[in-house]
Amino acid sequence: MPIALVVNGRAMQTESDAVTPLLHVLRNELDLRGSRFGCGLEQCGACMVLVDGEPVYACAREVGSVANKRVTTIEAFADDATLRALHRAFLDTQAGQCGYCLSGIIMSAKALIDRHPAPRREDIAAALDKHLCRCGAHNRIIHAVERAAAALRQEARG
Ligand code: FES
Ligand code: FES
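Remember, predicted model here, so these are calculated numbers, not experimental data. (Residues numbered from 1 in each chain as written. Chains lettered and ligands numbered in written order. Predicted model: local features only at pLDDT ≥ 70, side-chain atom pairs only at ≥ 80, totals over all residues.)

## Section: helix α5 (residues 138–157)
Between its first and last C-alpha atoms α5 spans 29 Å; for 20 residues at 1.5 Å apiece the expected length is 28 Å, and the two agree. All of the buried residues in α5 are Ile 141, Ile 142, Ala 144, Val 145, Glu 146, Ala 148, Ala 149 and Leu 152. Lining the buried residues of α5 we find α2 (81–93), α3 (102–115) and α4 (121–127). A positive backbone phi angle near 85° is found at Gly 158, which sits one or two residues after α5. (Helix = DSSP H or I, 4+ residues; strand = E, 2+ residues; numbered from the N terminus. Expected span 1.5 Å × (residues − 1). Buried ≥ 20, exposed ≤ 12 C-beta atoms within 10 Å, placed from the backbone. Contact = placed C-beta atoms within 7 Å.)

In structure tokens, the structure reads:
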């Protein structure tokens, strides 16, 4: 029996077994390749997506467990003001190097900013603690998240 999914606001379904990793379904069936495979062991954060607004390792989460929940991936960026602000800030500050870690980091940053529009530097560092960046761009990444949150607050003030 197909599993019903809601990905980036759209109803979808998969014929995969319920135990298939969500990341596999996103990348290989739904052609949403922005979420990356790094370790496959909940150790790097490259695969991070949001499920009902909370960061989740898609490499380890079984697709059956997210049936009918809201899955958000980096591809939601066109319809999401927080993702757009993050994208702009990362580009403006040239925060990444190779970029492999960034889609996962941006999803965790979105979850943080959506909950706490004015995060302190230590809040950002804590929210991104699960993420490895092999390029060592952490400081620039934290700065980009601060900048995105500030831009969104300014936008909200008009
Ligand atoms: S690929 Fe999921 S945590 Fe590394
Ligand atoms: S920018 Fe290369 S791994 Fe983070």
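Having put the structure on the table, let's press on.
## Some points on the packing of α3 against α5
Closest axis-to-axis distance for the α3/α5 pair is 11 Å, and the angle between their directions is 40°. When the axis of α3 is compared with that of α5, the two are oblique. Crossing hand, α3 versus α5: right-handed. Listed contacts from α5 to Ile 105, Ala 109 and Ile 113 of α3 are Ile 141, Val 145, Ala 148, Ala 149 and Leu 152. Residue composition of the contact of α3 with α5, by class: eight nonpolar, no polar and no charged. (Axes fitted to C-alpha atoms, helices over the stretch in contact; angles between N-to-C directions. Parallel < 35°, antiparallel > 145°, perpendicular 65-115°, else oblique. Left-handed = near helix turned anticlockwise from the far one by under 90°. Nonpolar A, V, L, I, M, F, W, Y, C, P; charged D, E, K, R; others polar.)

## Description of the environment of Met 48
Mapping Met 48 onto the fold places it in strand β3 (residues 48–51). On the neighbour-count criterion, Met 48 (31 C-beta atoms within 10 Å) is buried. As for Met 48 and Leu 152, which are separated by 104 residues in sequence, their C-alpha atoms are 22 Å apart.

## Structural notes on the sheet that holds strand β4 (residues 54–57)
Read across the sheet, five strands follow the order β2-β1-β5-β3-β4 without closing on themselves; strand pairing throughout is mixed. Each having just a single partner strand, β2 (10–14) and β4 make up the two edges of the open sheet. Put simply, the sheet's adjacent strands are angled 40° from each other on average, direction ignored. Bridge analysis of strand β1 (residues 3–7) against strand β5 (residues 70–72) gives two bridges, and the strand direction is parallel. From the neighbouring strand, Val 7 faces β5, where its bridge partner is Val 71. Along the sheet, α3 contacts β3 and β4; its crossing angle with β3, the most-contacted strand, is approximately 35°. (Pairing = 2+ DSSP bridges.)

## Observations concerning the domain arrangement of the chain
Here the chain is partitioned into domain 1 (3–75) and domain 2 (80–157). For domain 1 versus domain 2, the distance between C-alpha centres works out to 21 Å. Of all the secondary-structure elements, those providing two or more residues to the side of domain 1 that touches domain 2 are β3 and β4. Of the residues forming the side of domain 1 that touches domain 2, the biggest block, three residues, is contributed by β3. Counted by class, the side of domain 1 that touches domain 2 contains eight nonpolar, four polar and two charged residues. (Domains from an automatic or database assignment.)

## Side note on the nonpolar core
Of all hydrophobic cores here, the largest spans 49 residues; its most connected members are Ala 58, Leu 86, Ile 106, Ala 109, Ile 141, Val 145 and Ala 148. Of all elements in the fold, only β1, α1 (22–29), β3, β4, α2, α3, α4 and α5 reach the threshold of two or more residues within this core. Each of domain 1 (3–75) and domain 2 (80–157) accounts for three or more of the residues forming this core. Once residues within four sequence positions are removed from consideration, Leu 86 is found in contact with Ile 106, Ala 109, Lys 110, Val 145 and Ala 148. (Core = buried A, V, L, I, M, F, W, Y, C linked by C-beta atoms within 7 Å.)

## Description of unusual backbone geometry
Despite not being glycine, Asn 8 shows a phi value in the positive range, around 50°. Here Asn 8 shows up in the loop between β1 and β2. Owing to 19 C-beta atoms within 10 Å, Asn 8 belongs among the partly exposed residues under this scheme. One non-glycine residue, Gln 94, lies in the positive phi region at around 50°. Looking at the secondary structure, you find Gln 94 in the loop between α2 and α3.

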